[in-house]
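Coordinate analysis (summary)
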Amino acid sequence: MTAVDRPSITSRVPVWSLVLTMLAVIAVVLAALAAFGGTLLPDRSGPPIEELSVERTTLAPGSIEITVRNAGPDPVQIAQVFVNDTYVDFTGSAKPIGRLGSDTLQLRFPWISGQPYTVSMLTSTGLVIEHTIPAAVATPEPGAGLVGLMALLGTYVGIIPVALGMLVLPLLRRASRGVVRMLLALTVGLLGFLAVDAAIEGLALAERSGVAFGGPLLVLLGAAFAFLILTAIARLLDRYTRSQEAATSGRRLAQMIAIGIGLHNLGEGLAIGSAYAVGALAVGAALVVGFAVHNTTEGLAIVAPLTDQRPPITSLIGLGAVAGAPAILGAVIGAAVDNPALSAVLLGVGVGAITQVITQISPALRDSTGRLLDRTVIGGLATGVAVMYFTGLLVTA
Amino acid sequence: MSSRRGFLAAAGGTMLAAPLLGACTAKDHSEHSPGEVEMSGGHGPMSGGFGATFRSGGRVDHAANGFDPRILIRDFDYGHTSIGADGRRVREWEVIAEDREIEVAPGVRFQAWTFNGRIPGPTLRCTEGDLLRVRFINRSEHPHTMHFHGIHTAAMDGVPMLGRGIISPGEEFTYTFDAEPFGLHLYHCHVGPLAEHIARGMYGTFIVDPKAGRPPADELVLVQHGYNTTFDGQGNQLYAVNGIPFVYMNDPIRVRRGKLVRIYLVNILEYDPINSFHLHGNFFDYYPTGTRLEPTEFTDTVIQGQGQRGICELRFPNPGQFMFHAHKTEFADLGWMGFFDVVEDGVP
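Small disclaimer: the values here were computed from a predicted structure and weren't measured. (Residues numbered from 1 in each chain as written. Chains lettered and ligands numbered in written order. Predicted model: local features only at pLDDT ≥ 70, side-chain atom pairs only at ≥ 80, totals over all residues.)

Considering the overall build of chain B
To be explicit about the condition: What counts as a helix is a DSSP run of H or I of at least four residues, what counts as a strand is a run of E of at least two, and both are numbered from the N terminus. Counts of 20 or more other C-beta atoms within 10 Å of a residue's own C-beta define buried residues, counts of 12 or fewer define exposed ones, and intermediate counts define partly exposed ones; C-beta atoms are placed from the backbone. By the convention adopted here, residues make contact when the C-beta atoms placed from their backbones lie within 7 Å.
Summing up its helical and strand segments, chain B has seven helices and 21 strands in all. Counting across all 348 residues of chain B, residues that qualify as buried make up 45%. Relative to all contacts within chain B whose residues are 6 or more apart in sequence, the contacts with residues 24 or more apart total 71%.

Structural data, given as structure tokens:
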């Protein structure tokens, strides 16, 4: 009886007025809490909590510029700064930095290339907040030259290796169903390795960058959003291809793998660009060859689902560009911005993208009887992980 | 007591004028040096290769602190004197322990424990053989004592468990002892944890003049110390003489060419095992602890452990600016450096 009555009572009141009433009640309670609630509670008994995270360090001859963000609950006033136990003249941060606020300090200090420095910020309360520069190197000037260099680097480590990997396609076409399943399993192994590796790197980076924007949470958020968005894209593509013949599902899978690897390469390019910006990247033949071997396997992963079809060369080029070109973009951003929080998010995005791709490939791994983990697949997975591990040893960045 | 304070304030006023004039000369030297503009782009009085400095434009508010290193360098507190029944001179002081927030570097606040509201505490000066009465009043929130270096009875040693022992907040006690031996000594709080009670600022200079006195001179007190602003007991973030780091860089100590200068040099630096004093462009006679009238050394650098002290006597043969700093140079870069500004006799 009540089940019948209830809708008839509520339906007399329009929905919008219910919403308005609810919002008004929430607003009034929040305002009352803000006005009176705090006064009833005691103040914090401890001293102010001062936390700063350094987001960017720029070194130019005779000057060290650091951008800090207040990661703590209380305002922070940087009163003096000493570098390697020497007080230095500086400009910036004349006023206290509020919560999540940021400021840039310009220290006048004759730093010497290659030497380590500890920048100690002495706050108005006497607290010392330290920032370590492992090895001082002049920050590259942003400009066409840097963009060009990063584009070249991105091409070396992203596009060329992926394209090389895709060259195995004609060979794969002659392979049996078993070999293809093994290759797909190998791809999953490769991708799984990349996801774990990038997650570890992202978490370490986020840990270092401080907690202003959530630290390690950034990686997880990036991963979760990338996974959800790519899943939505996959559903859309599904709806589009449902009417087409079954052969296009292989191409769709290749597209998804290319997108996932592309997002991963964005993060990888970012790491390379950042490493270059702080002078930590040993740019040279070892790096380029190492990445080439490492990332060639990514090209293999893209073409693995295409063994039973003949896609036009343009679409193959398109797939390669989607997977490899983001390395260029990442390298440029990494060298120019060098923001650990952004890098952590983008590494997380790569992790989420790869995870999504793995879930896409997995159904294709089943054999004719529907079993997933048979000898072929296990062998492929193990080989994929091992290949990534050993080729990863060649990469110094 | 109040009349003595009034006198000191007046003296302070006149002495303040001289260092300020000195400050102008110092600025002229550093701001207009030709290399400056080329190397640092003309920002600030000093930077980079020119040496350590606080950020330009900032100044410690000495008036708000309640003491001025430019004044206390020549501020000797002789106390209130009278003649006792036995014909001896009796010298009395009142010293008050109080907690105080001090701006120890531009913009940096330090929760200090002080004698008479200043760091270092007052320079108590007497003559060998005087009967001394130090009325110590504890207005701090923490227990304290006054422990003097000198020869006295155990009950007057100012350490916990002996004699009156700890002077609790709100209490007072008068330490009574003879002024001996002559020399340069110090006093400090002796309540545990000892390192923290000293590092918070509870120390001062105690001078016992020999009966016959020393030759007339321009007399200066330099108390070497530091501030562990993080209170972690692991070392100091700031090093100074006479309370404020770098203060004599901006306002050099003005002395006269050819005139005898006597420096009462004391080291009460906590957490670091040694400290040192180095003078540029000159040498000095060194009298360790000031207990002998003959110097032991003619040098330009002395090392002192915590609690060590000695008298330096010198004349500047050349006019101009001469640095002095810890030759433990890390301390120099963290605040323990300054300038003498040597002027001709007759220059105002």
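Here we look at unusual backbone geometry
In this model, B:Ile119 is joined to B:Pro120 through a cis peptide bond whose omega is -10°. By secondary structure assignment, the location of B:Pro120 is in the loop between β4 (108-115) and β5 (123-127). Residue B:Pro181 follows B:Glu180 across a cis peptide bond; omega there is -10°. A positive phi angle, near 45°, is found at A:Asn84, a position not held by glycine. Among the structural elements, A:Asn84 can be located in the loop between β3 (78-83) and β4 (86-87). Taking the number of C-beta atoms within 10 Å as the measure of exposure, A:Asn84 has 16 and is therefore partly exposed. A positive phi angle, close to 60°, is found at B:Phe246, a residue other than glycine. Its place among the elements puts B:Phe246 in the loop between β12 (238-241) and α6 (247-250).

Quick word on the interface of chain B and chain A
Applicable threshold: Only Asp, Glu, Lys and Arg are considered charged in this grouping, and only Ala, Val, Leu, Ile, Met, Phe, Trp, Tyr, Cys and Pro are considered nonpolar; every other residue, Gly among them, is considered polar.
Contacts between chain B and chain A engage 26 residues on the former and 20 residues on the latter. Going through the elements one at a time, α2 (34-40), β4 and α7 (329-333) of chain B are the ones with two or more residues in the side of chain B that touches chain A. Considering each element in turn, the side of chain B that touches chain A owes the most residues, three residues, to β4(B). Residue composition of the side of chain B that touches chain A, by class: nine nonpolar, 13 polar and four charged.

Structural notes on the domain arrangement of chain A
Going by this rule: Those domain boundaries reflect an automatic or database domain assignment.
Examined at the domain level, chain A breaks down into domain 1 (2-40), domain 2 (52-133) and domain 3 (144-392). Once you take the C-alpha centre of each, domain 2 of chain A and domain 3 of chain A turn out to be 38 Å apart.

Section: the domain arrangement of chain B
All names here are of chain B. In terms of domain boundaries, chain B breaks down into domain 1 (63-209) and domain 2 (218-343). Between the C-alpha centres of domain 1 and domain 2 the distance comes to 21 Å. In this complex, domain 1 contributes 26 residues to the contact, which on the side of domain 2 involves 29 residues. Mapped onto the side of domain 1 that touches domain 2, the elements with two or more residues apiece are α4 (69-72), β3 (89-105), β4, β9 (183-188), α5 (194-199) and β10 (203-209). The element that contributes the greatest number of residues to the side of domain 1 that touches domain 2 is β9, accounting for four residues. Split by residue class, the side of domain 1 that touches domain 2 holds 19 nonpolar, four polar and three charged.

Considering the sheet that holds strand β8 (residues 128-133) of chain A
All names here are of chain A. Rule in force here: Pairs of strands are assigned from DSSP output, requiring at least two bridges between the strands.
With respect to topology, four strands assemble into an open sheet ordered β4-β3-β7-β8, the strand pairing being antiparallel. Since the sheet does not close on itself, it has two edges, and those belong to β4 and β8, each with one partner. Bridge count for strand β7 (residues 117-123) against β8 is six bridges, and the pairing is antiparallel. In the sheet register, Thr118 faces β8, and the bridge partner there is Thr132.

Topic: the nonpolar core
To keep it simple, the criterion reads: Only buried Ala, Val, Leu, Ile, Met, Phe, Trp, Tyr and Cys residues enter a nonpolar core, and they are joined through C-beta atoms within 7 Å.
Counting residues in each nonpolar core, the largest one holds 111 residues, and the members touching the most others are A:Val81, A:Val83 and B:Trp336. In this structure B:Trp336 touches B:Gln224, B:Tyr239, B:Ala240, B:Val241, B:Pro245, B:His325, B:Ala326 and B:Phe331, once residues within four positions along its chain are discounted. Ranked by size, the runner-up nonpolar core spans 78 residues in total, among them A:Leu184, A:Ala206, A:Ala258 and A:Ala327.

Quick word on the sheet that holds strand β19 (residues 309-315) of chain B
All names here are of chain B. We count it as follows: The angle between two axes is taken between their N-to-C directions and runs from 0 to 180 degrees, where each axis is a line fitted to C-alpha atoms and a helix contributes only its stretch in contact.
Pairing within the open sheet is mixed, and its six strands lie in the order β12-β11-β14-β19-β16-β17. Bordering the open sheet on either side are β12 and β17 (297-299), each of which pairs with just one other strand. Put simply, the sheet's adjacent strands are angled 25° from each other on average, direction ignored.

A few points about the confidence of the model for chain B
Residues and elements named next belong to chain B. Keep this limit in mind: On a range of 0 to 100, pLDDT expresses the predictor's confidence in each residue.
When pLDDT is averaged across chain B, the result is 88; 86% of the residues are at 70 or more. Confidence drops under pLDDT 50 across residues 1-47; counting only partners more than four residues distant or on other chains, this segment forms 56 contacts. Note on the complex model: pTM 0.79, ipTM 0.83.

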